[in-house]
Amino acid sequence: QVQLVESGGGLVQPGGSLRLSCAASGFSFSSRLMAWFRQAPGEQREWVASITSSSSTTYNDSVKGRFTVSRDNAKNTVYLQMNSLKPEDTAVYYCKVTDHFTSYWGQGTQVTVSS
């Protein structure tokens, strides 16, 4: 019963900030690598950031220095702090966890960066 629920998306002006949350349940959250992906209309889903069980982080170059991924194991929640947002960041953002060969995705949350 793995479940991932994203929230926090919305409309923001260029240069603004948003914090996305991914609430997880149904698995041993603290032991898993978690990741954020995004997908813009007409484009392939793109990896954004990952955080390991020990909170080591990696980022796509397109967001490096602007986005920060973190986790709160006590709350079974992963966050994506997005600063200095650009119109190119507009996409549906998804949380992901993989169990062996099965990937589990949240429903996504829309982020729109526009004037």
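Scroll up a little and you will see the structure.
Rules of the game
- Residues numbered from 1 in each chain as written.
- Predicted model: local features only at pLDDT ≥ 70, side-chain atom pairs only at ≥ 80, totals over all residues.
- Heavy atoms only, no water.
- Salt bridge = Lys/Arg side-chain N within 4 Å of Asp/Glu carboxyl O.
- Pairing = 2+ DSSP bridges.
- Helix = DSSP H or I, 4+ residues; strand = E, 2+ residues; numbered from the N terminus.
- Axes fitted to C-alpha atoms, helices over the stretch in contact; angles between N-to-C directions.
- Disulfide = S-S within 2.5 Å.
- Buried < 20%, exposed > 50% of the residue type's maximum accessible area, 1.4 Å probe, protein only.
- Core = buried A, V, L, I, M, F, W, Y, C linked by side-chain atoms within 4.5 Å.
- Contact = heavy atoms within 4.5 Å.

Undergrad: Would you mind going over the pattern of salt bridges in detail, with residue names and values included?
TA: Pairs can form between side chains of opposite charge once their charged atoms are near each other. Scanning the entire structure with this criterion turns up five salt bridges. In this structure, Lys-64 engages Asp-61 in a salt bridge whose closest nitrogen and oxygen atoms are separated by 2.8 Å. Taken together, the shared-partner salt bridges in this structure form one network comprising Arg-38, Glu-46, Arg-66 and Asp-89.

Undergrad: For the sheet that holds strand 7 (residues 67–72), give the residues involved together with the corresponding values.
TA: Strand pairs in the sheet, formed through backbone hydrogen bonds, run parallel or antiparallel to each other. The strand order 1-3-8-7 describes an open sheet built from four strands, whose pairing is antiparallel. Looking at strand neighbours, the two that pair on one side only are strand 1 (3–7) and strand 7, the edges of this open sheet. Between one strand and the next, the sheet's axes are offset by a mean angle of 15°, whatever the strand orientation. Note: strand 3 (residues 18–25) against strand 8 (residues 77–82), six bridges, orientation antiparallel. Looking at strand 8, one finds that Leu-18 is bridged to Met-82.

Undergrad: Summarise the state of the cysteines; cite the residues concerned and give the values.
TA: Formally, a disulfide is one covalent bond, and it connects the sulfur atom of one cysteine to the sulfur atom of another. What the rule picks out here adds up to one disulfide. Bridging Cys-22 to Cys-95, the disulfide has an S-S length of 2.2 Å. Its S-S torsion of about -80° marks the bond between Cys-22 and Cys-95 as left-handed, since a negative value means left-handed. You can see Cys-22 sitting in strand 3 and its partner Cys-95 sitting in strand 9 (residues 91–99), a full 73 residues away along the chain. Taking relative accessible area as the criterion, Cys-22 reaches 0% and is therefore assigned buried.

Undergrad: Can you explain the nonpolar core? Please cite residues and give values.
TA: Met-34, Trp-36, Leu-80, Met-82 and Tyr-93 are the most contacted members of the largest nonpolar core, which has 28 residues in total. Sorting the residues of this core by element identifies strand 3, strand 4 (34–39), strand 5 (46–51), strand 7, strand 8, strand 9 and strand 11 (109–113) as the ones contributing at least two each.

Undergrad: I'd like a description of the pairing of strand 4, backed by residues and values.
TA: Among the six residues in strand 4, five count as buried, and that is most of the element. Joining the antiparallel neighbours strand 4 and strand 5 is a turn of six residues, in which Gly-42 adopts a positive phi near 75°. Bridge analysis of strand 4 against strand 9 gives six bridges, and the strand direction is antiparallel. Bridging across to strand 9, Arg-38 finds its partner in Tyr-93.

Undergrad: How would you summarise the environment of Lys-96 if you had to cite specific residues and measurements?
TA: As for its position among the elements, Lys-96 is in strand 9. The spatial distance from the C-alpha of Lys-96 to the C-alpha of Leu-4 is 7.6 Å, given a sequence separation of 92 residues. Sequence-distant contacts of Lys-96, that is, excluding residues within four places in its chain, are made with Leu-4, Leu-33, Met-34, Ala-35, Phe-37, Ser-103, Tyr-104 and Trp-105.

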